[in-house]
Amino acid sequence: MPMTTLAGSRLRQRRQALGLRQGDVAERAGISASYLNLIEHNRRRVLPEVLARLALALGVPVEALAEGAEGGLLDDLRAAAGEAGDESGDPVAELDRIEDFASRFPGWAGVLAGLHRRAGGLVRAVEALNDRMSHDPHLQASLHEMLSAVSSVRSTAGILAETEDIPPDWRERFHRNLHQDAERLAVGAEALVAYLDGQGQADETGIAAPQEEVEAWLAARGWHLDAVEGGDAAAVAPQVAELASGAARVLGRAWAEQAAADAGAMPLAAFIAARGVGDDPLLLAARFGVTVPAVFRRIATLPGAVEGLVICDGSGTLTFRKPVAGFALPRFGAACPLWPLYGALSRPMVPIQAVVEATGGQRFAVRAFCQPSYPGGVGPGDFGGVELREAAMLILPALGGGAVLPVGSTCRICPRPACPARREPSIMAEAG
Amino acid sequence: MAGQVLLIEDEPNIAEAIRFLLGRQGWEVSVLGDGRAALVAVARRRPDLVILDLMLPGMSGMDVLLHLRADPATQNLPVMMLTAKGQGRDREAATRAGVSAFMTKPFANAEMVAAVRGLMEGA
C-alpha cells in the first residue's frame, strides 16, 4: 500500500477528534513530538511501521489512516491536470504541490476529481455512441432497410396520387406494395426507437449483437457464474435460457461450458490460494495444467475481480470484452493497434507485459498472451494444418510512473494527434 | 420513341414503381435483381440505358459499372446509379469509374422521369 503524506492529515484529524495531545501520542508511538508534528502537516512521509505504531497509539486500525481514498483522489487529480495541459501538452497545474493542495483543500480537491471523473464518463459515453453509430452493422442495416422502404413508399404513393388512369391490376399491386412497405417502416422505426432509447442497455433492444447480449448478461451476474463451479455447465442452463436471441444463447452456452471447464481445472479455493503465493500467470498455468488465456479468464471472472479482460480471434476481432473503468473498449470495428493484445497475437506463446496509459490518463498494467490451437490436427482431413489463434489481454489498474505506452480505444474517437499507428482521422481532433 | 431500359434492382416494390413510371413514358423496361445476370443480359442485347442500384446482393453495383466500362461494347452505355443519401465516397468512386448520372433514394417520380429522358435523348 503506497503511503503518501496525506496520511498525516488524517492522523491529525483523528488525534484531534479523540482529544489526544501530540506529545502523548508521539510518546506512545516511540517518536518525538516534533517529528509527529511534521508528519501531521504532511512535511514528512510516514513509514508503514511508524504509521502502524501511531494507529495503535490512537487506538484505530491502520487502514483508517492509510491512503485508501486519497490514492484514488491523487490519481484523479493528476489525470485531470494531465488533460488540462497547454498547447504543447504540458500540464499547467502545479503537480509538485498536488499533495499539499489535496490536504489543504480536500473539499475542492474532491470537487475537481469528481468533475474529472464525470467528464471522463461523458467522453466514454460519447465514444460508445459514436462507435456504435459509425460501426454498428445492425444500425446501418436498419437504416438502409428503412430508406429502401421510404423510397418505395414515396414513388408508389406518387404514382397512385398523380396517375389519372391506372389500370386496376396495377392499382391493386401498388396498394399491396404500399401496405407492405408501411409495415416495414413501422417495424423498422420501432426497432430504431428502441435501439436509440436503450443506449447502454443493449440487452433490452433486440438490435444488440449476440456477443453484447452475453456480455451484458455476464455483467449483470458480476462476471462470475457460481452455478458452474461444480464443473457442470448444465447447472446454468436456466439462466442461459433468459438470453433473448438464439445466437446469444449459443454464445452463452459456449461461455458456460468454458467456465465450467475452467472451474474444474482451477478449483476456486486452490486457485485463490495459489494466486496468493504468486500471481504469475505462466506459473499458474503450469501449476493447474491449463493455458495462459484460461488463467486470465479465471482471474477476470473470480468473484469481485477488478481485472478487465479482452479476447480476440486470429483476425484481431474482439470476441470478449470485460471492461475496467478508465480503459475504453470499442464495441464494433477494430481496436487500437498499439494494444499489447495484438503484439501477443503476432507472437504466439510469448508473454507480453506492459504498462499502458489510456486516453483519460489512467494507467493500466496489462498482460497479453496468444494461444494457438490446431482443430484439424496435422491433416489430411478438413482444416488439417490450420492454426487458430486466440489472444487474451488482462487489464489491471496501475499506479506509479515509469515507461508507459499511450494507447486508445479506436482511432476514430482517439484524441492522440501524433500517434504513428493512427489509421483514420479522429472526430476528437480539431477540424482542418 | 421506344427505348430499352435495363433496371438492376433487387427491391421488388421499387422496381415495380420504376417499371410503371418509365413504361408510361413509352420506354420498355426489363428488371433483373442480380448484377451477374444483368451483365449476361446486356451482352445478349444491349439496352439504351442501365439503371443500377449501388447496393445489390452478390456482385455490387460498383463492380457491375466497372465491368460495363471495361468492355468496349458498353464503354459509353449510359448508366444511372441509384444511391442512398450520404454515400459520398461511393459516389466519388462511381464518378471516377464513369457513371453517367446519379439518382438519390428516395427520389421524386418527376425527377426520375426527367433524368431518364435526358440520358435517353442525350445519348
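Note: the structure precedes this text.
Now for a description of the structure that goes with this document. Owing to the predicted nature of the structure, the values given are computational and were not obtained by experimental measurement. (Residues numbered from 1 in each chain as written. Chains lettered and ligands numbered in written order. Predicted model: local features only at pLDDT ≥ 70, side-chain atom pairs only at ≥ 80, totals over all residues.)

1. Digging into the overall build of chain A
Here comes step 1: A count of helical and extended segments in chain A gives 17 helices and 6 strands.
Here comes step 2: Burial statistics for chain A: of 432 residues in total, 34% are counted as buried.
Here comes step 3: The contacts in chain A between residues at least 6 apart in sequence include a share of 62% that link residues at least 24 apart. (Helix = DSSP H or I, 4+ residues; strand = E, 2+ residues; numbered from the N terminus. Buried ≥ 20, exposed ≤ 12 C-beta atoms within 10 Å, placed from the backbone. Contact = placed C-beta atoms within 7 Å.)

2. Remarks on the sheet that holds strand 2 (residues 28–32) of chain B
Residues and elements named next belong to chain B.
Here comes step 1: As summarised here, the arrangement of the 5 strands in space is 2-1-3-4-5, forming an open sheet in which the pairing is parallel. Single-partner strands in this sheet number two, and they are strand 2 and strand 5 (101–105). Here the average twist between neighbouring strands, direction ignored, is 20°.
Here comes step 2: With 4 bridges connecting them, strand 3 (residues 49–53) and strand 4 (residues 79–84) associate as parallel partners. Note on strand 4: the bridge partner recorded for Asp53 is Leu82.
Here comes step 3: Lying over the sheet, helix 5 (residues 109–122) contacts strand 1 (4–8), strand 3, strand 4 and strand 5, oriented at roughly 170° with respect to strand 5. (Pairing = 2+ DSSP bridges. Axes fitted to C-alpha atoms, helices over the stretch in contact; angles between N-to-C directions.)

3. Concerning helix 9 (residues 168–197) of chain A
Here comes step 1: Over its 30 residues, helix 9 of chain A extends 43 Å from the first C-alpha to the last, a length consistent with the 44 Å expected when each residue adds 1.5 Å.
Here comes step 2: Turning to helix 9 of chain A, its buried residues are Phe174, Asn177, Asp181, Gly188 and Tyr195 of chain A. (Expected span 1.5 Å × (residues − 1).)

4. So, unusual backbone geometry
The general pattern is negative phi for most residues beyond glycine and trans for most peptide bonds.
Here comes step 1: In this model, Gly379 of chain A is joined to Pro380 of chain A through a cis peptide bond whose omega is 15°.
Here comes step 2: For Pro380 of chain A, the location among the structural elements is in the loop between strand 4 (363–373) and strand 5 (388–398).
Here comes step 3: With an omega of -5°, the peptide bond running from Lys105 of chain B to Pro106 of chain B counts as cis.
Here comes step 4: For Met349 of chain A, which is not glycine, the phi dihedral falls at a positive 70°.
Here comes step 5: As for its placement among the helices and strands, Met349 of chain A is situated in the loop between helix 17 (340–345) and strand 3 (352–357).
Here comes step 6: A residue is classified by how many C-beta atoms lie within 10 Å of it, and Met349 of chain A, with 11 of them, is exposed.

5. Points about the pairing of strand 2 (residues 318–322) of chain A
All names here are of chain A.
Here comes step 1: Here strand 1 (residues 308–312) pairs with strand 2 via 4 bridges, running antiparallel. Across the sheet, Cys312 pairs through a bridge with Leu318, a residue of strand 2.
Here comes step 2: Where strand 1 folds back onto strand 2 in an antiparallel hairpin, the turn is made up of 5 residues, including Gly316, whose phi is positive at roughly 90°.

6. Here's the deal with the sheet that holds strand 1 of chain A
Residues and elements named next belong to chain A.
Here comes step 1: Read across the open sheet, the 6 strands follow the order 2-1-5-4-3-6; overall the sheet is mixed. The sheet is open, and its two edges are formed by strand 2 and strand 6 (405–406), each paired on a single side.
Here comes step 2: With 2 bridges joining them, strand 3 and strand 6 adopt parallel strand pairing. By the bridge assignment, Glu357 is partnered in strand 6 with Pro406.
Here comes step 3: The strands that helix 16 (residues 292–300) touches are strand 1, strand 2, strand 4 and strand 5; relative to strand 5, the one it contacts most, it runs at about 40°.

7. Looking at helix 13 (residues 246–265) of chain A
All names here are of chain A.
Here comes step 1: Taking 1.5 Å per residue as the helical rise, helix 13 with its 20 residues ought to reach 28 Å, and the 29 Å between its terminal C-alpha atoms agrees with that figure.
Here comes step 2: Three or more residues of helix 13 are buried, namely Ala248, Leu251, Gly252, Trp255, Ala256, Ala259, Ala260, Asp262 and Ala263.
Here comes step 3: Elements in contact with the buried residues of helix 13: helix 11 (210–220), helix 12 (237–240), helix 14 (268–277) and helix 16.

8. Quick word on the packing of helix 2 (residues 22–29) of chain A against helix 4 (residues 48–58) of chain A
Residues and elements named next belong to chain A.
Here comes step 1: For the pair helix 2 and helix 4, interaxial distance at closest approach is 8 Å and the crossing angle is 125°. With respect to each other, helix 2 and helix 4 are oriented oblique. Along this stretch, helix 2 crosses helix 4, giving a crossing that reads as right-handed. Between helix 2 and helix 4, the residues in contact are Val25, Arg28 and Ala29 and Val50, Arg53, Leu54, Ala57 and Leu58, respectively.
Here comes step 2: For the contact of helix 2 with helix 4, the residue count by class is 6 nonpolar, no polar and 2 charged. (Parallel < 35°, antiparallel > 145°, perpendicular 65-115°, else oblique. Left-handed = near helix turned anticlockwise from the far one by under 90°. Nonpolar A, V, L, I, M, F, W, Y, C, P; charged D, E, K, R; others polar.)

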